[in-house]
Amino acid sequence: MTLSPFTEEHDLLRKSVREWVDAEIAPHLAEWEEAGDFPDQIFHRAGELGFLGLAFPESAGGQGGDYWAQVVFLEEVGRVSQAIAMVLSVQTDMATPPILEFGSEKQIDRWLRPALRGESIGAIGITEPDTGSDVASIRAQAERDGEEWVLNGSKMYITNGARADFITMVVRTGELDEANPWAGISMFVVDTSLPGFSVSRRLEKAGMKMSDTALLFMDDMRLPADALLGVEGEGFRQIMWELQGERIGVSVFGVAGARAVLEEAVRYAKAREAFGRPIGQFQAVSHRLAEMATEVEAVEALVYECCDLWSRGVYATQEVAMAKLAVGRLSNQVVDEALQTLGGAGLVEGSFVSREWLGMRIGRIGGGSDEVQRQILARIMGIG
Amino acid sequence: MSGLDLLFLEEHDAYREAARRFVSNEITPHAEEWERARDYPKELFEKVGSAGFFGAKFAEAWGGTGPDYIAETVWIEELSRGLTFGTASDLGAHSQLAALYLDRYGDDEQKQRYLEPSIEGRLTGALAVTESGAGSDVNAIRTWARPDGEEWVLNGSKVFITNGSWADYVVVAARTSDEPGHDNLTLLIVDADRPGFERNRMNLIAWQTSHTAELYFNDVRVPDENRLGEVGTGFRHITTIFQWERLTMSLSALSLAELSLETAIDYARKRRAFGHPVIRFQVWQHRFADLAVRIRAGKALTYRALRLHIAAESGREVPREELVRLTSMAKLYTQRIAFDVADECVQVHGGAGALKEYPAQRLWRDARVGAIGGGTDDIMRNIIAGTMGLGVA
C-alpha cells in the first residue's frame, strides 16, 4: 500500500529545489514585490538547474521525469510565493506543454528546447479584454495571406506578457459561427520580436505585483506559416487540453501555498503570547487552525488523486475542475485565517502572509473562475 | 514506483457488486417499513453473516475471508447506502466494534465462543463505553468491576449503546482501579442473560431503527475468563479501536452524503418552479457542484487515512500520531459534509423536505449523529490541534 506518491529520487529533487528557492528566491520576495518586478534571471537559473523540463521527455530537451517531479517543483516554489510559482508554471505547465503535444519536430527545436533551458520565456494567450472564461468568444484573428498569417487583436491579463519571447496563443482563424463558436479557433506560437507586436501596458494589480501581467496588441502582425501549432481549427480542443495541465499545476502550487501560510500561522501561534500564554494554547485559536489543517489535508489528497490520474495519462476533467475549485477556495480561506491569527503582524506590508493574502485572491479568478469550474462540474454531473 | 497504487482491485469490484446486490435485495426494499416500525427483524444479522459480509476483515481461522480491509471498506460503503442508517449502525456496532475487539484482544477460547458465531451472525454483540457522565471523556468512566474470587462484580450503567438493547453479549469498559492515569479500565465480555443486567431501548430522533440502549449493571457477576485483554489495558484498547471506528464512520458518512446528493438532484429534476425543473436554476447546479467537490475531497482524505490503516494492519510500521491525525481529520471533515449535503437535500425538497414520506428528512436526521458519536467534532479538533503542538498542553 503506497502511503506517499514520492520516491527517494523525488525527495532528493525536493531538497535541491528547496535549496535554490531558499537561496535565490525567498530572500528577495519582499523587495521584488515592492518593486513590482523580478529578474528574468529566475528563468535562466531554473533552466540551468533543469527545473523547467522535469516531466518533459529527454528527446525534447527535458529531464525525462514523471509528473510527480513537476509536483515537487511546483510545491517547493508555491511554498514561498504564489507569484513566482505562477510565472514559472506559466512556463512549464501552460506555454510549453502544447508545443510538445501538438508541435512538429521543428517547432519543438525552435521553441520548446530553449524554453526548457530557460533561455526563452513563454506566456499563454487566451483572455482578451472582453473575453475571459468564455474562451469560444475570443476575437483576435489570424488571416491567411499567402504562406503567412496576419494577426490582429489584443490579449489581456497575460502573465509574463511583458517579458515573453513567445506566446502560445489561441485566436480565431475562421468567422465566428454563433451556433458553433468552438470551431474556427487555432493555436499559434507567436514570436513577440516580430513587428506589429506591442505591450500596451503592464497592469498594476492588488496582488502578485512582482509578476508582470500585460495588455498586448497585435497589429497586422505577420506570422510565418509554421507559427500554427497543431491543426488549424482545432485550437479550442487544444486549449481545453492545455487548461487541464494548467489547472492541475495551479492546484498543486496553490495547496502548497495554503499549507505554507498555515504553517506560518501555527509557528506564530506558538510564539506569540497574550494573556500570559502562547495564543495557540487558547482553544478557539487551536481549533481554528485544526480546521484549516483538515481542509488543507483533504484538498491536498484530492489534488494528489488528480495528479495521479494525470500522470497515468487519464484526462480527468471532473477531478481537475474539482481540484481547481477546491484549491482556490481553500487557499483564500486558509490565508485569511492565517492573517487573522497573526493580527496586526499579518497586515504589515512586505510580510509573507500579507503578500500571499493579496496574491491568493487570483486563484479563484485565473485559469477559469470558480463559477466556470462549477459550470463544468454541473455539466459533467448531468445537471448543467 | 512513484504515484499511488489503486485501492480497489478487480476482486473488490466483484465484492462491491455482491454487496450492492445484497443491500438492494435484503435491506433497501424494507427500509421504509422498518423506519416506520422503528425496528427490523434480528434475523438480518444471520442473513448478513451467512452471505459472508461480516467476514472480510477477519482471518479464515475464525470463519472470516480476510483480513482484507479494502473489502471491508466496500461493505461499509454499500451497506450505508441502504437507506436505513440505524440498521447499518447496529450492524456496524456488532461487526466494527464488538467483533473487532474480540478479534484483536480475545484469546482463542473467547474467539471460538464469541467471534466465530458473530461472524456467522448467530450471535450479536455491542460495545459499551459511554456513560451519562463519560462520553468523549473516556477516562471519566464510573462503572466499576471489582474482583471477587475468580469473578468480577460489575456495577454501573452505560448509555447510547448501539445494538445494545438486543445484543447477546456486550463488551463493557469498566473501572478496575482508582489510580490516576490511563491504566485503570478493563474490558469484560458480559453475556446478556447474566442476572443483574438490565437494559432499556432509547428513543432517538435519528437512527430510529437502531437498538440503542441504556444498560444497567447491578452486581452482575462476570467470570474472569470473560476478561478481554489484560487488567488495566481497556483505555489503550479503546483508543486504538477508536481509530478504525472513526474511519468506518467517515466511510458511512460519505455514502450518506452521496445518497443525499443523488436524492436531491433527482428531486430537483422532477420538481418544477417558475416554469422550469428546479435543476435548471444555476444556483442549484452550482450548489450541487460545490457539494460534490466536498464529498470528493472528503473521500480523498478518508482514503488517505485508510491507506495508513491498511499498512498498519498488514504489519508495517506506521507512525501512530499520523494515523490518529489523519483519521481524526477524516472523521471531522466527513460528518459535517454528510449533514450539510443532507440539509441541502431537505432544502431542495421545499415543504416536502419535512414530510416523512420522503427520505430527505431521515437522511438529514441520521447525518446529524455523526458530529456527536464516536468522538465529537470538538474532540477531533482537540486531537488535531494536539498533533500540531497547539491547544492546552
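On a predicted model such as this, the values are computed, not experimentally measured, just so you know.

Draft legend 1. How the structure looks around the overall build of chain A. Secondary structure assignment for chain A yields twelve helices and ten strands. Against the 2.2 N^0.38 benchmark of 21 Å for 384 residues, chain A shows a C-alpha radius of gyration of 21 Å, consistent with a compact globule. With respect to the principal axes defined by its C-alpha atoms, chain A has extents near 80 × 50 × 45 Å.

Draft legend 2. Representation of the overall build of chain B. Within chain B, the secondary structure is distributed over eleven helices and ten strands. Relative to the 2.2 N^0.38 estimate, which gives 21 Å for 393 residues, the radius of gyration of chain B is 21 Å and therefore close to what a compact globule would have. When its C-alpha atoms are laid out on the principal axes, chain B stretches across 80 × 50 × 45 Å. Going through the 393 residues of chain B one by one, you find that 54% of them count as buried. Across chain B, the fraction of contacts at a sequence separation of at least 24, relative to all contacts at a separation of at least 6, is 71%.

Draft legend 3. Quick look at the interface of chain A and chain B. Facing the 40 residues of chain A at the interface are 37 residues of chain B. Ranked by residues supplied to the side of chain A that touches chain B, first place goes to helix α9 (residues 283-311) of chain A with 17 residues. Across the side of chain A that touches chain B, the residue classes break down as 22 nonpolar, eleven polar and seven charged.

Draft legend 4. Structural detail: the pairing of strand β5 (residues 185-191) of chain B. All names here are of chain B. With respect to burial, β5 is a largely interior element, six of its seven residues being buried. Direction of pairing for strand β4 (residues 169-175) relative to β5: antiparallel, over a ladder of seven bridges. Of the residues in β5, the one forming a bridge with Val171 is Ile189.

Draft legend 5. Inspection of the environment of Glu150 of chain B at higher detail. Residues and elements named next belong to chain B. Inspection of the secondary structure puts Glu150 in the loop between β2 (144-148) and β3 (151-161). By the C-beta count within 10 Å, which is 9 here, Glu150 ends up exposed. Sequence separation between Glu150 and Ala312 is 162 residues, and the spatial gap between their C-alpha atoms is 36 Å. Beyond its immediate chain neighbours, meaning those up to four positions away, Glu150 contacts Pro223 and Asp224.

Draft legend 6. Representation of the environment of Met329 of chain B within the structure. With respect to the element layout, Met329 of chain B can be found in helix α9 (residues 320-349). Exposure remark for Met329 of chain B: the 31 C-beta atoms within 10 Å place this residue in the buried category. Counting along the chain gives 34 residues from Met329 of chain B to Ile295 of chain B, while the straight-line C-alpha distance between them is 14 Å. The residues contacting Met329 of chain B, other than those within four sequence positions of it, are Thr294 and Glu297 of chain A together with Leu301 and Ile384 of chain B.

Draft legend 7. Examining the pairing of strand β1 (residues 125-128) of chain B more closely. Residue and element names in this part refer to chain B. Residues Gly125 and Leu127 of β1 are buried on one face, and the alternating residues Ala126 and Ala128, pointing to the opposite face, are buried as well. Sheet topology note: the β1/β4 ladder contains four bridges and is parallel. Among the inter-strand pairings, Ala126 is bridged to a residue of β4, identified as Val170.

Draft legend 8. The arrangement of α9 of chain B in detail. Residue and element names in this part refer to chain B. Compared with the 44 Å implied by 1.5 Å per residue over 30 residues, the 44 Å span of α9 between its first and last C-alpha is a close match. With 23 of 30 residues buried, α9 lies mostly within the body of the structure. A positive backbone phi angle near 60° is found at Gly350, which sits one or two residues after α9.

Draft legend 9. Representation of the domain arrangement of chain B. Residues and elements named next belong to chain B. Split by domain assignment, chain B resolves into domain 1 (10-124), domain 2 (128-228) and domain 3 (234-387). Computed from C-alpha atoms alone, the centre-to-centre distance between domain 2 and domain 3 is 29 Å. Listed by partner, the interface residues are twelve residues for domain 2 and twelve residues for domain 3. Split into classes, the residues belonging to the side of domain 2 that touches domain 3 amount to eight nonpolar, four polar and no charged.

Draft legend 10. Highlighting the domain arrangement of chain A. All names here are of chain A. The assigned domain composition of chain A is domain 1 (8-122), domain 2 (123-233) and domain 3 (237-380). The C-alpha centroid of domain 2 is placed 23 Å from the C-alpha centroid of domain 1. Broken down by secondary-structure element, the contributors of at least two residues to the side of domain 1 that touches domain 2 are α2 (29-35), α5 (82-95), α6 (97-102) and α7 (105-116). Here the side of domain 1 that touches domain 2 takes seven residues from α5, the largest share from any one element.

Conventions we followed
- Residues numbered from 1 in each chain as written.
- Chains lettered and ligands numbered in written order.
- Predicted model: local features only at pLDDT ≥ 70, side-chain atom pairs only at ≥ 80, totals over all residues.
- Helix = DSSP H or I, 4+ residues; strand = E, 2+ residues; numbered from the N terminus.
- Rg over C-alpha atoms; globule rule 2.2 N^0.38 Å.
- Buried ≥ 20, exposed ≤ 12 C-beta atoms within 10 Å, placed from the backbone.
- Contact = placed C-beta atoms within 7 Å.
- Nonpolar A, V, L, I, M, F, W, Y, C, P; charged D, E, K, R; others polar.
- Pairing = 2+ DSSP bridges.
- Expected span 1.5 Å × (residues − 1).
- Domains from an automatic or database assignment.

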